[in-house]
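# Reading the structure
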2 protein chains.
Amino acid sequence: MEKTSREPAMTDVARLAGVSHQTVSRVLNNHPNVREQTRLRVQAAIKELDYRPNRAARALVTGKTQLIGVVAQNSTLYGPASLLSAFEEAAGGAGFAVSVGRVKVLDRDSIAAAVERHRDQRVAGIVVIAPTSSAADALADVPAGVPLVTVDGDPDRPTPLVTVDQAVGAFDATKHLLDAGHDTVWHVSGPADWFDAAGRVEGWRSALEAAGAEVPPVMAADWSAASGYRAGQMLARMPEVTAVFCSNDHLALGVLRAMSERGKKVPHDVSVVGFDDVSEAAYFIPPLTTVRPDFAAVAHETLGLLLEQISDGETTRPRRTVAPSLVKRESVGPPPR
Amino acid sequence: MEKTSREPAMTDVARLAGVSHQTVSRVLNNHPNVREQTRLRVQAAIKELDYRPNRAARALVTGKTQLIGVVAQNSTLYGPASLLSAFEEAAGGAGFAVSVGRVKVLDRDSIAAAVERHRDQRVAGIVVIAPTSSAADALADVPAGVPLVTVDGDPDRPTPLVTVDQAVGAFDATKHLLDAGHDTVWHVSGPADWFDAAGRVEGWRSALEAAGAEVPPVMAADWSAASGYRAGQMLARMPEVTAVFCSNDHLALGVLRAMSERGKKVPHDVSVVGFDDVSEAAYFIPPLTTVRPDFAAVAHETLGLLLEQISDGETTRPRRTVAPSLVKRESVGPPPR
DNA sequence: CGACCAGGTGTTATCGCTAACATCGTCGGC
DNA sequence: GCCGACGATGTTAGCGATAACACCTGGTCG
């Protein structure tokens, strides 16, 4: 009788290849001291049995897993979703599995719970997508010793962090509008407790100040097209508003709608710039000039930073930013005369 | 000297509580035959040491993991992204970790490779988000014996499948337009190799046939606003077009733009309905009437189906559909006279 | 009142792997 | 021609959990 029930183990491979299981282990782990001929025999046996090493057994003896835990909010917001997707691909390419722990809200308790779940799984490292201050606070609870990288987190905290350079993107966008001839640029901001939003406000302000332009009051909003629309309704009533930089593309969409309803043409009467370059931004009316973050680069830096911590325990250069690029379309023009 | 380096193991807890490690195991696994007093002592010891069971050791001896693998495409398309997010949350709630394997393209080789990676990890089950025929074909390669559920996959294949009822959603949307008084409804379809798109075409057609309406040719597109715009440019030139059902909201956005450029007012001259209810759909110009799939329900059904297979090996009722709902906004009106 | 049963607990084997050490030729140096 | 070094391999001992079984207690029953 065959034992059809059991999956092949290392000893089965060893028997078939006529070696000891330790030699099989050496082949699997690319140890140098294995004769070429032996290596080939073992590899043939592995293939024949469709043997796959038992990760649990390996993890048990080495005390290490090939798992990275990610904590992310359960939202479909473009930025976080893109980041997550890019990171999963990058990690997969490096031979790590990614376990995602979704959280309904980014508060201290939820994040702590998600981090605990990952520690229970004994992940090699944790990535937290922590775009708000509440999320960043929760990280203070994470015990040292767990390799951890924050993405989109608090720039003022000393933890390892990778983020899009919001300020540079906002600066470029604002400068682009000023260069088109506008006296100043208004700003519709994302929620104040988001670091992304704060960084964009900062970049916008510094571009205005650098140009000696007046700094109008910030229009506070959340990320939704709805709130952009409300802000736009106000902006559309003020004749002196000729240029608006929005903290993301959905806000811009709302502003575009408000302008359109009020009879203001974009870019003839008002110029608008967004942030994110969502896939449909090229098909807004008019096609939206916007700032495109490089999520793949952020994911890559994040993975690198995490792997450094996993292998070395420490890391040089624990803060990395990735510069975004300005995508020019048709929503920017000179101010009306 | 203390061994500060090692994490506490079951024997450490046992020593502290004055019992054997087996008793600790019993407490952890809620075995009935443990005295209440003993249970409390053990639990106190667990808490004091901040002991957490080693999953690798458990997996090694039981041969089972608490891991579910998901294969998904690396895209930010609204449907798949929402599905994934909802599933991660549902699985997390059931005590399963979710390992996501991203794939650049949904072809046979990529999916097979992703499934292999998950099998290497010895996941308890696999979910494949397989919205295209190329993806569905790849599933033929997956060996039987691995619990597997397809989401958004091929309705004509006998594998366990959960999907949004595309046909019902499209039927309702089309009927809504017919009920508003339109003679017929045109359709801008997603890519033909997507089951979602095919199901929506089917629902649209059957609604027209049920009403005895003429069935106009399908306008083929991909999912992008760009292709919706191109289709819209053609539709806008045809005076007899008064109602359009788009296979998703982004296509609808493109159509809206094309209509607007051509001077056609929505809903006065043309009515438009989308599918997906993306978060910004309420802020299109005009707010878009659309079909909302219930992703949480799909995720829940998927998890249920998978867990059934994991525990029983088989499943009753291996095909489940979730009915979407029509969200009425302002993009539908009676035809112009 | 002894046998039997069942509840509570401990003992031992085992899962599949890697680390550490042991073994055994073979080769070059003196 | 003997010996230490080294390359190639085998042997043994865990890693930390669960499963199976053994072992004590009492209490119940004939």
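As recorded in an unreviewed UniProt entry, chain A goes by the name Transcriptional regulator, LacI family, listed as coming from Lentzea albida.

### Focus: the domain arrangement of chain A
All names here are of chain A. Taken domain by domain, chain A consists of domain 1 (10-53), domain 2 (66-164 + 295-322) and domain 3 (166-293). Across the boundary between the two partners, domain 2 contributes 13 residues, which contact 10 residues of domain 3. Looking at the side of domain 2 that touches domain 3, its residues break down into 6 nonpolar, 5 polar and 2 charged.

### Side note on the sheet that holds strand β10 (residues 289-292) of chain B
Residues and elements named next belong to chain B. Spatial ordering of the open sheet is given by β7-β6-β8-β9-β10-β12, a layout of 6 strands whose pairing is mixed. Both outer strands of the open sheet, β7 (219-220) and β12 (325-327), are each paired with one neighbouring strand and no more. Relative to strand β8 (residues 243-246), strand β6 (residues 186-189) runs parallel, the two being bridged by 3 bridges. When the bridges of β8 are listed, Trp 186 appears paired with Val 244. Across the sheet, helix α8 (residues 166-179) touches β8, β9 (271-275), β10 and β12, and the angle it forms with β9 is around 170°.

### Description of the protein's contact with DNA strand D
Near DNA strand D you find 25 residues, and of these Ser 20 and Gln 22 of chain A together with Met 10, Ser 25 and Ala 57 of chain B are the closest. Looking at the surface near DNA strand D, the element that brings in the most residues is helix α4 (residues 55-62) of chain B, giving 5 residues. Its residues assigned to classes, the surface near DNA strand D shows 11 nonpolar, 11 polar and 3 charged.

### Section: the protein's contact with DNA strand C
As a matter of local geometry, DNA strand C sits amid 25 residues, with Met 10, Ser 25, Asn 54 and Ala 57 of chain A together with Gln 22 of chain B nearest to it. At the level of secondary structure, the elements contributing two or more residues to the surface near DNA strand C comprise α2 (21-28) and α4 (55-62) of chain A together with α2 (21-28) and α4 of chain B.

### Let's talk about the nonpolar core
The nonpolar side chains of soluble globular proteins are, as a tendency, buried together. In terms of nonpolar packing, the biggest core is built from 190 residues, with Val 244 and Val 255 of chain A together with Val 244 and Val 255 of chain B touching the most fellow members. With residues up to four places along the chain from it excluded, the contact list for Val 244 of chain A reads Trp 186, Val 188, Leu 235, Val 255, Val 270 and Val 272 of chain A.

### Examining the relation of the copies chain B and chain A
Mapping chain B onto chain A calls for a screw motion: a turn of 180° about the axis and a shift of 0.1 Å along it, with 0.0 Å RMSD after fitting. Put plainly, the chains are arranged around a two-fold axis. Both copies share a contact surface, since 100% of the interface residues of chain B are interface residues in chain A too.

### As for the sheet that holds strand β7 (residues 219-220) of chain A
Residue and element names in this part refer to chain A. Strand order in the open sheet made by the 6 strands is β7-β6-β8-β9-β10-β12, with mixed pairing throughout. Here the strands that pair on one side only, and so sit at the sheet edges, are β7 and β12 (325-327). Looking at chain direction, strand β10 (residues 289-292) and β12 are connected through 3 bridges and run antiparallel. Within the sheet, the bridge partner assigned to Arg 292 lies in β12 and is Ser 325. Relative to the sheet, helix α8 (residues 166-179) contacts β8 (243-246), β9 (271-275), β10 and β12, its axis offset from that of β9 by approximately 170°. In this fold helix α10 (residues 225-237) packs onto β6 (186-189), β7 and β8, with an angle of close to 155° to the strand it touches most, β6.

### Here's the deal with the pairing of β9 of chain A
Residues and elements named next belong to chain A. Across the 5 residues of β9, 5 count as buried, placing the element largely inside the fold. The two faces of β9 match: Ser 271, Val 273 and Phe 275 on one face and Val 272 and Gly 274 on the other face are all buried. When β8 meets β9, the two strands line up parallel, connected through 3 bridges. Looking at the pairing, Val 244 lines up with Val 272 of β9. Regarding topology, helix α11 (residues 249-261) serves as the crossover connection from β8 to the parallel β9, and that connection is right-handed. Of the pairings in the sheet, the one linking β9 to β10 comprises 3 bridges and is parallel in character. Opposite Val 273, over in β10, you have Thr 289 as the bridge partner.

### Here's the deal with the interface of chain B and chain A
Listed as interface residues are 40 residues of chain B and, on the opposing side, 40 residues of chain A. Broken down by element, the residue count for the side of chain B that touches chain A peaks at 7 residues, all from helix α5 (residues 78-93) of chain B. Among the residues forming the side of chain B that touches chain A, the class breakdown is 16 nonpolar, 14 polar and 10 charged.

How each quantity is defined
- Residues take numbers from 1 onward in each chain, read along the sequence in its written order.
- As a convention, the first chain written is A and the first ligand written is 1, with the rest following in written order.
- Two thresholds apply to this predicted model, a pLDDT of at least 70 for residue-level local features and 80 or more for giving and counting side-chain atom pairs, whereas whole-chain, interface and lining totals are computed over all residues.
- Segmentation into domains, and thus their bounds, comes from an automatic or database assignment.
- Contact between two residues is assigned when their C-beta atoms, built from the backbone, lie within 7 Å.
- Classification used: nonpolar for Ala, Val, Leu, Ile, Met, Phe, Trp, Tyr, Cys and Pro, charged for Asp, Glu, Lys and Arg, polar for all others including Gly.
- When DSSP finds at least two bridges between two strands, those strands are taken to pair.
- Secondary structure elements follow DSSP: runs of H or I of four or more residues count as helices, runs of E of two or more count as strands, with numbering from the N terminus.
- To get an axis, a line is fitted to the C-alpha atoms, and for a helix only the part in contact is used. The angle between two axes follows their N-to-C directions and goes from 0 to 180 degrees.
- Here, nearness means that the C-beta atom of a residue, built from backbone geometry, sits within 6 Å of the molecule or strand in question.
- Buried Ala, Val, Leu, Ile, Met, Phe, Trp, Tyr and Cys residues form a nonpolar core when they are connected through C-beta atoms within 7 Å.
- The exposure scheme places C-beta atoms from the backbone and then counts, for each residue, the other C-beta atoms within 10 Å of its own, assigning buried at 20 or more, exposed at 12 or fewer, and partly exposed in between.
- Copy-to-copy alignment: least squares on C-alpha atoms, limited to residues at pLDDT 70 or above in both.
- Looking down the strands as they point away from the viewer, one classifies a crossover as right-handed if the path from the first strand across the helix to the second runs clockwise.

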